[in-house]
Amino acid sequence: REVPLLILTHYHADHVGGADDILGRYRPKLVLVRAGVPPAWLTEAATRAGAQLHTPVPGETITVGEATWRTVSVGEAGALTEGSEEGRDGVGDGAAENDASIVGVAESAGMRVLLAGDAEPAGQARALRSAALLGLDMRADVLKLPHHGSARQEPRFFAASGASLAVASSGAGNDYGHPAKSALDLATTHGMAIARTDTQGTVLVARRNEALRVTTRKE
């Protein structure tokens with residue numbers, strides 16, 4: 001019935017493809033976006049919906065009902081040079097855009113989830129530096145594997161999460177090869193159980209006392 005806060009980590013189609021419909025139907029008051037000038041279609045859709053586009057500051061906390069969101073880092077496409085390389089989709093659709101992803105920790109009902117969009121090693125390294133500089137807590141119960149579990153990951157980021165569960169969100173049979181075996185192995189090495197949408201379908205996670213309860217449903 002209501003989407004009070006919409007977070008668009010970056011502007012690749014698989015992360016913003018439904019934003020226009022969400023803005024028109026649910027009229028969120030606040031939309032978090034990465035640094036830089038937003039695309040014209042998003043500015044126009046937000047204006048029609050009466051929504052505010054906002055680039056969060058690292059350390060900024062937003063409370064929505066019983067849920068909280070704290071931004072750890074945010075970038076601007078093209079601003080990174082460390083570890084960046086062009087992706088398969090051409091200019092503007094590669095690692096630079098991925099690494100500009102908003103990274104943050106969401107908490108609800110006592111469960112913390114570390115969400116990093118499509119951040120690759122350079123973007124994950126930025127988050128680590130930001131957390132260290134500002135004293136931000138990146139620890140979480142659940143790590144949503146960055147970039148759908150691609151092979152390009154920063155081991156220190158996984159370690160900083162301290163998560164007990166890693167969730168890989170990717171479509172079955174995708175031609176990117178997500179989630180990569182190396183990413184799954186990295187999560188396992190850091191003591192995380194694995195849940196993945198490509199083989200298990202919808203993944204629901206809840207906290208019951210000190211334990212996580214994972215429910216999956218495949219159509």
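In this text, all values refer to a predicted model and were calculated from it rather than measured experimentally.

J.: Explain the overall build of the protein to me, using residue names and the numbers behind them.
T.: Regarding its fold elements, the protein presents eight helices and twelve strands. Taken over C-alpha atoms, the radius of gyration comes to 17 Å for the protein, in line with the 17 Å a tight globule of 219 residues would show. In terms of overall dimensions, the protein has C-alpha extents of about 45 × 40 × 40 Å along its principal axes. Residues classed as buried in the protein amount to 43% of the 219 residues present. Across the protein, every contact between residues at least 6 apart in sequence was considered, and the portion connecting residues at least 24 apart equals 59%.

J.: Kindly report on the environment of Asp-198, identifying the contributing residues and their values.
T.: Turning to its location among the elements, Asp-198 is positioned in helix α8 (residues 197-200). Residue class for Asp-198 comes out buried when judged on its relative accessible area of 12%. Considering only alpha carbons, one finds Asp-198 and Leu-143, 55 residues apart in sequence, at a separation of 17 Å. Apart from residues lying up to four places away in sequence, Asp-198 is in contact with Ser-170, Gly-171, Ala-172, His-178, Pro-179 and Lys-218. Within polar-contact distance, the side chain of Asp-198 engages the side chain of Arg-196 at 2.8 Å.

J.: Can you tell me about the sheet that holds strand β2 (residues 30-32), naming the residues and giving the values?
T.: In spatial order, the strands read β1-β2-β3; together these three strands make up an open sheet with parallel pairing. Since the sheet does not close on itself, it has two edges, and those belong to β1 (5-7) and β3 (52-54), each with one partner. Averaged over neighbouring strand pairs, the angle between their axes works out to 20° when direction is ignored. When β1 meets β2, the two strands line up parallel, connected through three bridges. Counterpart to Ile-7 in the pairing with β2 is Leu-32.

J.: Give me the lowdown on unusual backbone geometry, citing residues and values where you can.
T.: With glycine set apart, most residues show a phi of negative sign, and most peptide bonds adopt trans. A cis amide bond links His-178 to the next residue, Pro-179, at an omega of -5°. With respect to the helices and strands, Pro-179 occurs in the loop between β9 (165-168) and α7 (181-189). At Arg-27, a residue that is not glycine, the phi angle is positive and equals roughly 45°. With respect to the helices and strands, Arg-27 occurs in the loop between α2 (19-26) and β2.

J.: I'd like a rundown of the sheet that holds strand β4 (residues 61-64), residues and numbers included.
T.: For sheets, the rule is that strands pair by backbone hydrogen bonds, running either parallel or antiparallel. Strand order in the open sheet formed by seven strands is β4-β5-β6-β7-β8-β9-β10, and the pairing between neighbours is mixed. Two strands in the sheet have a free side with no partner beyond their single neighbour: β4 and β10 (193-196). Direction aside, the axes of adjacent strands within the sheet are offset by 20° on average. Across five bridges, strand β5 (residues 67-73) lies against strand β6 (residues 103-108) in antiparallel orientation. The residue of β6 that forms the bridge with Ser-73 is Val-103. Its contacts with the sheet put helix α5 (residues 121-134) on β5 and β6, and the angle it makes with β5 is roughly 105°.

J.: Mind laying out the nonpolar core, listing which residues take part and the relevant values?
T.: Val-72, Val-103, Leu-114, Leu-143, Leu-145, Phe-157 and Phe-158 are the most contacted members of the largest nonpolar core, which totals 23 residues. Elements represented by at least two residues in this core include exactly β6, α5, α6 (155-161), β9 and α7. In this view, Phe-158 contacts Gln-124, Leu-143, Leu-145, Pro-146, Gln-153, Ala-183, Leu-186, Ala-187, His-190 and Met-192; residues no more than four positions away in its chain are not counted. If you look at the next biggest cluster of nonpolar residues, it comprises 13 residues, including Leu-6, Leu-23, Val-31 and Val-33.

J.: I'd love a proper account of the pairing of β9, names of residues and values included.
T.: Walk down a regular strand and you will see the side chains alternate between the two sheet faces. Burial along β9 is two-sided: Leu-165 and Val-167 and Ala-166 and Ala-168, pointing in opposite directions, are all buried. By the bridge criterion, three bridges tie strand β8 (residues 142-144) to β9 in an arrangement that is parallel. What sits directly across from Val-142, in β9, is Leu-165. Regarding topology, α6 serves as the crossover connection from β8 to the parallel β9, and that connection is right-handed. The pairing of β9 with β10 spans four bridges and is parallel. Directly across from Ala-168, in β10, lies its bridge partner Arg-196. The parallel pair β9 and β10, bridged by α7, forms a crossover whose chirality is right-handed.

Basis of the calculations
- Residues numbered from 1 in each chain as written.
- Predicted model: local features only at pLDDT ≥ 70, side-chain atom pairs only at ≥ 80, totals over all residues.
- Heavy atoms only, no water.
- Helix = DSSP H or I, 4+ residues; strand = E, 2+ residues; numbered from the N terminus.
- Rg over C-alpha atoms; globule rule 2.2 N^0.38 Å.
- Buried < 20%, exposed > 50% of the residue type's maximum accessible area, 1.4 Å probe, protein only.
- Contact = heavy atoms within 4.5 Å.
- Polar contact = N/O pair within 3.5 Å; in protein donor to acceptor, adjacent residues only side chain to side chain.
- Pairing = 2+ DSSP bridges.
- Axes fitted to C-alpha atoms, helices over the stretch in contact; angles between N-to-C directions.
- Core = buried A, V, L, I, M, F, W, Y, C linked by side-chain atoms within 4.5 Å.
- Right-handed = clockwise from strand over helix to strand, strands pointing away.

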